Amino acid sequence: MTDYVTVTDDAPLARTGAIKLHDEAGFEGMRRAGRLAAEVLDMVVPHVVPGVETQALDEMIRNYIVRAGGVPATLGYRGYTHSSCISINHVVCHGIPSNRTLKDGDIVNIDVTPILDGWHGDSSRMYIVGNANVKARRLVDVTYECLMIGIEHAKPGNHLGDIGHAIQRHAEQYRYGVVRDFCGHGLGRLFHDAPEVVHAGRPGTGPELKPGMFFTIEPMINIGRADVKILDDGWTAVTRDRSLSAQFEHSIGITEDGCEIFTTSPKGFDKPPYA
Ligand code: MF3
Ligand code: CO
Ligand code: CO
């Protein structure tokens, strides 16, 4: 059984396991936080070039968020000490910014979660450094399609399994692997809340979608097998077969007749190429 609870703007932060249904004030808060996340991902576009250290990008991201009156949710989150996750090539997610430099042909995911006035805007996009080969570009394109096809199924009366099924179907058409070890998640005043949003599954299964639900969809798609392992740093997730991996993430809210995407790019930079 799925529990739902109607919350108001000043709702308690408790992670009760129930799915929160938010009001218009919640939508307003998420619009602002989501827009800031999208602006951050727009801001870095001209800086994602060969030779840049990923920690330099992370510093720009922190400064941008703080100057906008926000706080990076990942800073100090379960011991994580950076303002973004930057995941290169076969890194699936949770890549730690470092002195590693980007090189021509890399495909890179940058994931940011600013908190603004208590609301979390969580989004990630892929960036192509210089020129990538056609296999890498196709993975990036198909992964973006997976996200948007998932979002098309995000409407009242559908179930979370409809979203996962649509994503899985599209990815497997290309014989890509859909990562099972990480999911999308409810969010709002909390960073990671119920429900878990799986990116593969069967139609009609899982919680029913209701107006006021806020959650992310963030499919991780591998050219090879779906299997993942975590490196010794405790964070970096990589493909076991070292095949390339891509991910896009939006934060959305279910409306009466569909959904609202909170993290759309103001500059139209939703997917590469951004030039
Ligand atoms: N932003 C990631 C997500 O989409 C979570 C990153 S948590 C961190 O849920 F600690 F690794 F940064
Ligand atoms: Co997320
Ligand atoms: Co994220």
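Quick note: structure is the one above.
Residues numbered from 1 in each chain as written. Chains lettered and ligands numbered in written order. Predicted model: local features only at pLDDT ≥ 70, side-chain atom pairs only at ≥ 80, totals over all residues. Heavy atoms only, no water.

J.: Which parts of the structure should I look at to understand helix 2 (residues 54–67)?
T.: For the α-helix, the turn length of 3.6 residues means that residues three or four positions removed from each other point alike. Helix length check: helix 2 (14 residues) gives 20 Å between terminal C-alpha atoms against 20 Å at 1.5 Å per residue, within 8%. Each element contacted by the buried residues of helix 2 is listed here: helix 1 (24–43), strand 3 (71–72), strand 4 (85–88), strand 6 (107–112) and strand 7 (114–116). Gly69 sits one or two residues past helix 2 and shows a positive phi near 90°. (Helix = DSSP H or I, 4+ residues; strand = E, 2+ residues; numbered from the N terminus. Expected span 1.5 Å × (residues − 1). Contact = heavy atoms within 4.5 Å.)

J.: Please explain the site of ligand 1 as it appears in this structure.
T.: Near ligand 1 there are 14 residues, and of these Thr74, His185, His192, Glu218 and Glu249 occur at the shortest range. Between ligand 1 and the protein, one listed contact pairs a nitrogen atom with a side-chain N or O atom of Asp111 at 3.1 Å. At a separation of 2.8 Å, an oxygen atom of ligand 1 approaches a polar side-chain atom of His192. Considered on its own, ligand 1 offers 340 Å² of accessible surface; in the complex 96% of this is hidden by protein. (Near = heavy atom within 4 Å. Polar contact = N/O pair within 3.5 Å; in protein donor to acceptor, adjacent residues only side chain to side chain. Areas by Shrake-Rupley, 256 points an atom, 1.4 Å probe, with all protein chains shown as cover.)

J.: What exactly am I supposed to notice about the pairing of strand 6 here?
T.: On a regular strand, each side chain points to the face opposite its neighbour's, so the side chains alternate between the two faces of the sheet. Counted residue by residue, strand 6 has six buried out of six residues, so it is predominantly covered. Burial along strand 6 is two-sided: Ile107, Asn109 and Asp111 facing one way and Val108, Ile110 and Val112 facing the other are all buried. Pairing of strand 6 with strand 9 (residues 123–128) involves six bridges; the strand directions are antiparallel. Following the sheet pairing, Val112 is matched in strand 9 by Ser123. (Buried < 20%, exposed > 50% of the residue type's maximum accessible area, 1.4 Å probe, protein only. Pairing = 2+ DSSP bridges.)

J.: Help me out: how do you make sense of the side chain of His120 in this one?
T.: For His120, the position within the fold is in strand 8 (residues 119–120). Overall, the relative accessible area of 6% leaves His120 in the buried class. From its side chain, His120 meets the backbone oxygen of Gly188 in a polar contact 2.9 Å long. Side-chain polar atoms of His120 contact the backbone oxygen of Arg189, separated by 3.4 Å. Among all residues touching His120, those that are not within four sequence positions of it are Met30, Ala33, Ala73, Thr113, Pro114, Ile115, Leu187, Gly188, Arg189, Leu190 and Phe191.

J.: So what exactly am I meant to see when it comes to the coordination of the cobalt ion (ligand 2) here?
T.: Reference values for coordination geometry: four tetrahedral donors around a metal ideally subtend 109.5 degrees, six octahedral donors ideally subtend 90 or 180 degrees. Distances from the cobalt ion (ligand 2) to its protein donors, Asp122 (OD), His185 (NE2), Glu218 (OE) and Glu249 (OE), fall at 2.0 to 2.2 Å. Here the cobalt ion (ligand 2) is ringed by six donor atoms whose angles at the metal span 51 to 159°, and the overall shape comes out irregular. Here the donor residues of the cobalt ion (ligand 2) share one chain and are spaced in sequence as D-x62-H-x32-E-x30-E. Separating the cobalt ion (ligand 2) from the cobalt ion (ligand 3) is a distance of 3.3 Å, and Asp122 supplies a donor atom to each of them. Here Glu249 lies in the loop between strand 17 (245–247) and strand 18 (250–254) and Asp122 lies in the loop between strand 8 and strand 9, a separation of 127 residues in the sequence. Each member of the pair, Asp122 as well as Glu249, carries the same accessibility label: buried. (Donors = N, O, S within 2.8 Å, 3.2 Å for Na, K, Ca; no water. Tetrahedral: all angles 85-135°; square planar, octahedral: opposite > 155°, others 65-115°.)

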